Amino acid sequence: MDDGLESEGAVPSVAVLGREQGLRYDVDTAALREYAASVGEGLARVRRLRIAEALRPLIRYTEPQRWWTRLALTRGVEVWLLSWLPGQGTHPHDHGGAAGSFTVLAGEVLEEHRYPGAPIGTRRLRTGEGLGFGGDRAHVVCNVGIDPAVTVHAYSPPLLPTREYGSLEEVV
């Protein structure tokens, strides 16, 4: 079956007969782990592409600020779709104690973040990359690429008001 995934560097399949047949195979487990990881990454890439394609009709690009719409709300989580034109970003904020995560479906964003009492960290995320964070973390997110960006965000518990800051230095 051709699933359309790249097979470069693939390890051939290994048939291992059980102990009841009295056969033993020396298997390169490191190569098998690497192959399994590459297959998993390929499947994840396909899933992300399918999700991104399904969400494409919903996406809008607006000025002067980013655009967003809620995709889902349950008692335990809320999920948002956001789009960002180049240069658009947030003010420093936290999520009111909610833990969260986001994934970049298209484009490139820069996230500056800070946990109370910790130094400010920076992370650049490109298409397919994401991160998760605890409820006491504040951040700033900005599209630093030359193309529009699209991200999906999830927060739990849902519906907590965000708190804005003048700068991440204020997060103590």
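About the thresholds
- Residues numbered from 1 in each chain as written.
- Predicted model: local features only at pLDDT ≥ 70, side-chain atom pairs only at ≥ 80, totals over all residues.
- Heavy atoms only, no water.
- Salt bridge = Lys/Arg side-chain N within 4 Å of Asp/Glu carboxyl O.
- Helix = DSSP H or I, 4+ residues; strand = E, 2+ residues; numbered from the N terminus.
- Buried < 20%, exposed > 50% of the residue type's maximum accessible area, 1.4 Å probe, protein only.
- Pairing = 2+ DSSP bridges.
- Axes fitted to C-alpha atoms, helices over the stretch in contact; angles between N-to-C directions.
- Contact = heavy atoms within 4.5 Å.
- pLDDT = per-residue confidence, 0-100.
- 1 Å grid on protein atoms, 1.4 Å probe; cavity = no way out; pocket = protein on both sides within 12 Å on 5 of 7 lines; lining within 4 Å.
- Points joined across faces, edges and corners; volume = space filled by probe spheres on them.
- Nonpolar A, V, L, I, M, F, W, Y, C, P; charged D, E, K, R; others polar.

A.B. asks: Now, about the pattern of salt bridges: what can you tell me, with residues and values included?
C.D. replies: Inspection of every chain in the model, using the stated rule, returns six salt bridges. Arg163 is the salt-bridge partner of Asp94, the closest N and O atoms lying 2.8 Å from each other. Separated by 69 residues along the polypeptide, Asp94 in strand 3 (residues 93–94) and Arg163 in strand 10 (residues 163–164) bring together distant segments of the chain. For Asp94, a relative accessible area of 2% gives the class buried. As a salt-bridge pair, Glu111 and Arg137 come within 2.7 Å of each other at their nearest N and O atoms. With Glu111 in strand 5 (residues 108–114) and Arg137 in the loop between strand 7 (130–133) and strand 8 (138–143), this pair connects stretches of sequence that are 26 residues apart.

A.B. asks: Now, about the sheet that holds strand 2 (residues 78–84): what can you tell me, with residues and values included?
C.D. replies: A sheet is described by the order of its strands in space; here five strands give the open sequence 1-2-9-4-7, paired in antiparallel fashion. In the strand order of this sheet, the two ends are held by strand 1 (67–73) and strand 7, each with one partner. Sheet twist, expressed as the mean angle between neighbouring strand axes with direction ignored, is 15°.

A.B. asks: I'd love a proper account of unusual backbone geometry, names of residues and values included.
C.D. replies: The step from Glu63 to Pro64 runs through a cis peptide bond, and the omega angle for that step is 10°. Looking at where Pro64 falls in the secondary structure, it is placed in the loop between helix 1 (29–55) and strand 1. Non-glycine residue Leu159 carries a positive phi angle of around 65°. Along the chain, Leu159 falls in the loop between strand 9 (149–156) and strand 10.

A.B. asks: How would you explain the environment of Gly107 if you had to name every residue and give the values?
C.D. replies: Residue placement: Gly107 occurs in the loop between strand 4 (99–106) and strand 5. Between the C-alpha atoms of Gly107 and Gly128, which are 21 residues apart in sequence, the distance is 9.2 Å. Beyond its immediate sequence surroundings of up to four residues, Gly107 is in contact with Leu125, Arg126, Thr127, Pro148 and Ala149.

A.B. asks: Account for the sheet that holds strand 10, with residues named and values stated.
C.D. replies: Strand order across the open sheet formed by five strands is 6-5-8-3-10, with antiparallel pairing between neighbours. Of all the strands in the sheet, just strand 6 (121–126) and strand 10 have a single pairing partner and so form its edges. As paired strands, strand 5 and strand 6 are joined by six bridges and run antiparallel to one another. Paired with Val109 across the two strands is Leu125, which belongs to strand 6.

A.B. asks: Give a detailed account of the confidence of the model for the protein, specifying residues and quantitative values.
C.D. replies: Confidence along the protein averages 80 in pLDDT terms, with 72% of residues attaining 70 or more. No element of the protein has a lower mean pLDDT than helix 1, which averages 62, and none a higher one than strand 8, which averages 98. This model gives residues 1–28 a pLDDT under 50, and the stretch forms 16 contacts once residues within four places in sequence are excluded.

A.B. asks: Got a sec to walk through the environment of Leu81? Specific residues and values, please.
C.D. replies: Examined against the element boundaries, Leu81 turns out to sit in strand 2. You can call Leu81 buried: its relative accessible area is 0%. As for Leu81 and Thr151, which are separated by 70 residues in sequence, their C-alpha atoms are 6.0 Å apart. Ignoring sequence-local partners within four residues, the contact set of Leu81 consists of Leu55, Leu58, Ile59, Trp67, Trp68, Thr69, Leu71, Leu105, Val150, Thr151 and Val152.

A.B. asks: Go over the layout of surface pockets, please, and point to the residues and values.
C.D. replies: By volume, the largest pocket is sized at about 470 Å³. If you go around the largest pocket, you meet 23 residues; those closest to its centre are Arg66, His93, His95, Tyr155 and Thr162. When contributions to the lining of the largest pocket are tallied by element, the ones reaching two or more residues are strand 2, strand 8 and strand 9. Looking at the lining of the largest pocket, the element that brings in the most residues is strand 2, giving four residues. Its residues placed into classes, the lining of the largest pocket shows 11 nonpolar, nine polar and three charged.

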